[in-house]
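Structure assessment
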Amino acid sequence: MPRLCGYSLLMLGLGWLSIANAQPNRADPQPHPFSITKLDPSLDTLIAPDAKLTTVATGFGFSDGPVWVRGRDGQEGYLLVVSIIGNVIYKVTAAGKVTVFLDKAGYSGDDFANTGKLAYIAGIHMILIGPNCTGIDRQGRLVWCAGQDLSLMRLEKDGTRTVLAKGFGGKHFNGPNDVAIAADGAIFFTDSDVGLRGGIHSPQVQMPDSVWRWKDGQVTLAVSREQLGAERDHFLANLFGADGAEGLRAFIEKRAPRFS
Amino acid sequence: MKRLCNALLLASVLVAGAAGAQAPAGPSTRGDGPGPAAKPFGFTRADPGFDALIARDAKVELVAEGFGINEGTTWVRDGKGSGFLLVAGLIDNVLYRIAPDNVVSVFMEHAGYTGNDPDNVGTQTRAGRSHVLLIGPTCSGVDPQGRILWCANDDRQVMRLEPDGKHTLLSGGADGKRFNGPNDISIKSDGAVYLTDDDFGLRGAEKSSLKELQDGIWLIRDGVTRRLLTDTQLGGLPNGITLSADEKYLYLSAGTKMMRYPVKADDTLGAGSLFTQGPGIGDGMRSDSRGNIYSTGGGPALVRVTSPAGRFLGTIDLPIVGGEPKKQVCATNVAFGDNDGRTLYIAACDFVYKVRLKVPGVIQGPRR
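Reading the values: the criteria
- Residues numbered from 1 in each chain as written.
- Chains lettered and ligands numbered in written order.
- Predicted model: local features only at pLDDT ≥ 70, side-chain atom pairs only at ≥ 80, totals over all residues.
- Helix = DSSP H or I, 4+ residues; strand = E, 2+ residues; numbered from the N terminus.
- Buried ≥ 20, exposed ≤ 12 C-beta atoms within 10 Å, placed from the backbone.
- Contact = placed C-beta atoms within 7 Å.
- Rg over C-alpha atoms; globule rule 2.2 N^0.38 Å.
- pLDDT = per-residue confidence, 0-100.
- Pairing = 2+ DSSP bridges.
- Axes fitted to C-alpha atoms, helices over the stretch in contact; angles between N-to-C directions.

1. Examining the overall build of chain A
Scanning chain A from terminus to terminus reveals three helices and 16 strands. Scored against the burial criterion, the 260 residues of chain A give a buried share of 41%. In chain A, of all internal contacts separated by at least 6 residues, the share reaching a separation of at least 24 is 52%.

Put into structure tokens, the structure is as follows:
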């Protein structure tokens, strides 16, 4: 049951925001091996029926936002994984060695008594205070969501941290949650209530959760909460993360013809 | 006991939660900054008397891991020559049961807090790098009738589990006021329960508007709860507590000092005196059958051993795991267990360890 170890990478992509901060009674889960649920035969063209799930690393408590960073100049590539409760971005090598890549990546302040979203997930009472996403832009720079700093960030080659966006029209975001980066440099990102204590009920909320687009220093609204539908924004990143920006663009064109 | 973790935070990194200060003094298994390099367990022998208790070739063995932060551990005899270990999960809000084959299961859900307002309850702190909420039980024990007692810290109550599974409120405070957070207990063979109560479990701790009583030491007996000491009289934050093997003394941690109070015939306390001070004091402690005190707290991941005469004998130094994500090793409480009482179990934040002893410890519960 001790579970700080168990979920780790397997939790990626779950719609965790929909989990209520209450204390349900729960039975001990019965252990079972991993499996693949095939709803359509074409899944076999993506994942071999005999594919194995391999543990890369454990002990994250609550991880999110993985991105593969290609190796350059003969260097080996590596995975970045954010720790939502550890407030860091970890670097994970193919061999499974874990080191801290970027510290204080979700919250850079020191008001811990009032920062972070309290949640009860996977049997742990935890405080969501870390970064929520990662992405690599066309110049190879890391882009990440500093949820509790309410900022979309970029790491420059010299190590400095650039705030790409903090809000719109003088109002701050609720907490950037995930990104999809287009070939033209546009960064689409979801903003949901991960950044504020109390979530969407926080008195600090200034704008509805929405999808935003950053390009060349300008922030524009990509999809409003109304256009998206109340529940679907939480899953947007999961739906389109794998498809990349093209899937998001198609979705936006369908739902928000004004945009394109 | 959580306090213990706390003291350690204060000493090293950030206690994070409430305080929020971040000034890592050096590599730490808790909080931000680099972690320490891995290190095996060891023993520090300060006095030749240490060898009479722990063999030179004794090993510190891993029992279970993955708890984040654990606490209040107790060996429960099953009456059939065996038993199991209870361990409190502070961030999971459960009491865990660890069987002799090291299999971990949930013994009791919602053991520290049964309410539905975790947004405003519990103490924010760190477990390794993780930001977590301490909201679980902080102690466990067995009374002379074999019933399990536990500290529902955030319900602010001392509870008892009946043979039929019912939860009985043993005490929630005195004079119409609620405890701040029952932290640890020691149970006398006549059924008297000695309790440490402190405000660490309240959100905002001593600044909490929910604090109703001064921190202190309480005696629960025959349905009556009476104050024995305030924290001012004790001289520090109450937390660790244990009766001596002969029940003539009550040992109490007062911050990083350990005090000793004679127990009078009516179970109240006489005048206290300083027993010992130094590392390994401030959290849970227990007595072996010869009256040696095994104590935890104050920061380092070790168990301090002190003779009945107050002589510092040495320490059991827990290993450091190393690597990322950080796995925090500490020491929050101990319990003697196994059939012969000669195994010392150590609640160690993410881990539970054990070490074999040459002498048995005191296991509370029915006399055998």
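2. Things to note about the overall build of chain B
Within chain B, the regular secondary structure consists of two helices and 29 strands. Over its C-alpha atoms chain B spans a radius of gyration of 18 Å, differing by no more than 12% from the 21 Å that the globule rule assigns to 368 residues. In chain B, the share of contacts with a sequence separation of at least 24, taken over all contacts with a separation of at least 6, comes to 55%.

3. Notes on the environment of B:Val158
All names here are of chain B. Along the chain, Val 158 turns up in strand S11 (residues 157–161). For Val 158, a count of 27 C-beta atoms within 10 Å puts it in the buried group. Counting along the chain gives 72 residues from Val 158 to Leu 86, while the straight-line C-alpha distance between them is 16 Å. If near-sequence neighbours (up to four positions away) are discounted, Val 158 is found in contact with Leu 149, Cys 151, Leu 170, Ser 171, Pro 182, Ile 185, Val 193, Leu 195 and Ile 220.

4. Looking at the confidence of the model for chain B
Averaged over every residue, the pLDDT of chain B is 92; residues scoring 70 or more account for 93%. Interface confidence for the predicted complex, expressed as ipTM, amounts to 0.86; the pTM equals 0.87.

5. Let's talk about the confidence of the model for chain A
Residue and element names in this part refer to chain A. The predicted model of chain A has a mean per-residue pLDDT of 82, with 77% of residues at 70 or higher. Predicted confidence is poor over residues 237–245, with pLDDT under 50, and the contacts of this stretch with residues over four places away or in other chains come to 16 contacts. Of the regions scoring below 50 in pLDDT, residues 255–260 engages in eight contacts with residues more than four places distant in sequence or in other chains.

6. Structural notes on the sheet that holds strand S15 (residues 210–215) of chain A
Residue and element names in this part refer to chain A. Read from one edge of the open sheet, four strands run S13-S14-S15-S16, paired in antiparallel fashion. At either margin of the open sheet sits one strand with a lone partner, and together these are strand S13 (176–181) and strand S16 (218–223). Along the sheet, successive strands turn relative to each other by an average axial angle of 30°, direction set aside. Across five bridges, the pairing between S15 and S16 is antiparallel. Paired with Trp 214 across the two strands is Val 219, which belongs to S16.

7. Some words on the sheet that holds strand S21 (residues 257–262) of chain B
Residue and element names in this part refer to chain B. The strand order across the open sheet built from four strands is S19-S20-S21-S22, with neighbouring strands paired in antiparallel fashion. Edge positions in the open sheet fall to strand S19 (238–243) and strand S22 (273–277), since each of these has one partner strand only. In this sheet, adjacent strand axes meet at a mean angle of 25° when their direction is disregarded. Of the pairings in the sheet, the one linking S19 to strand S20 (residues 249–254) comprises four bridges and is antiparallel in character. Counted as the bridge partner of Thr 242 is Tyr 251 from S20.

8. Brief notes about unusual backbone geometry
Leaving glycine aside, a negative phi is the common case for residues, and trans is the common case for peptide bonds. Residues B:Glu324 and B:Pro325 are joined by a peptide bond in cis, for which omega reads -10°. Position of B:Pro325 relative to the elements: it lies in the loop between strand S26 (312–317) and strand S27 (329–337). Within the chain, A:Lys104 stands out as a residue other than glycine whose phi angle is a positive 45°. Note on A:Lys104: 20 C-beta atoms within 10 Å, which makes it buried.

9. As for the pairing of strand S7 (residues 133–136) of chain A
All names here are of chain A. In this structure, S7 lies alongside strand S8 (residues 142–146), joined through four bridges in antiparallel fashion. Counted as the bridge partner of Thr 134 is Trp 144 from S8. The hairpin turn running from S7 into S8, its antiparallel successor, is five residues long, and Gly 140 in that turn takes a positive phi close to 85°.

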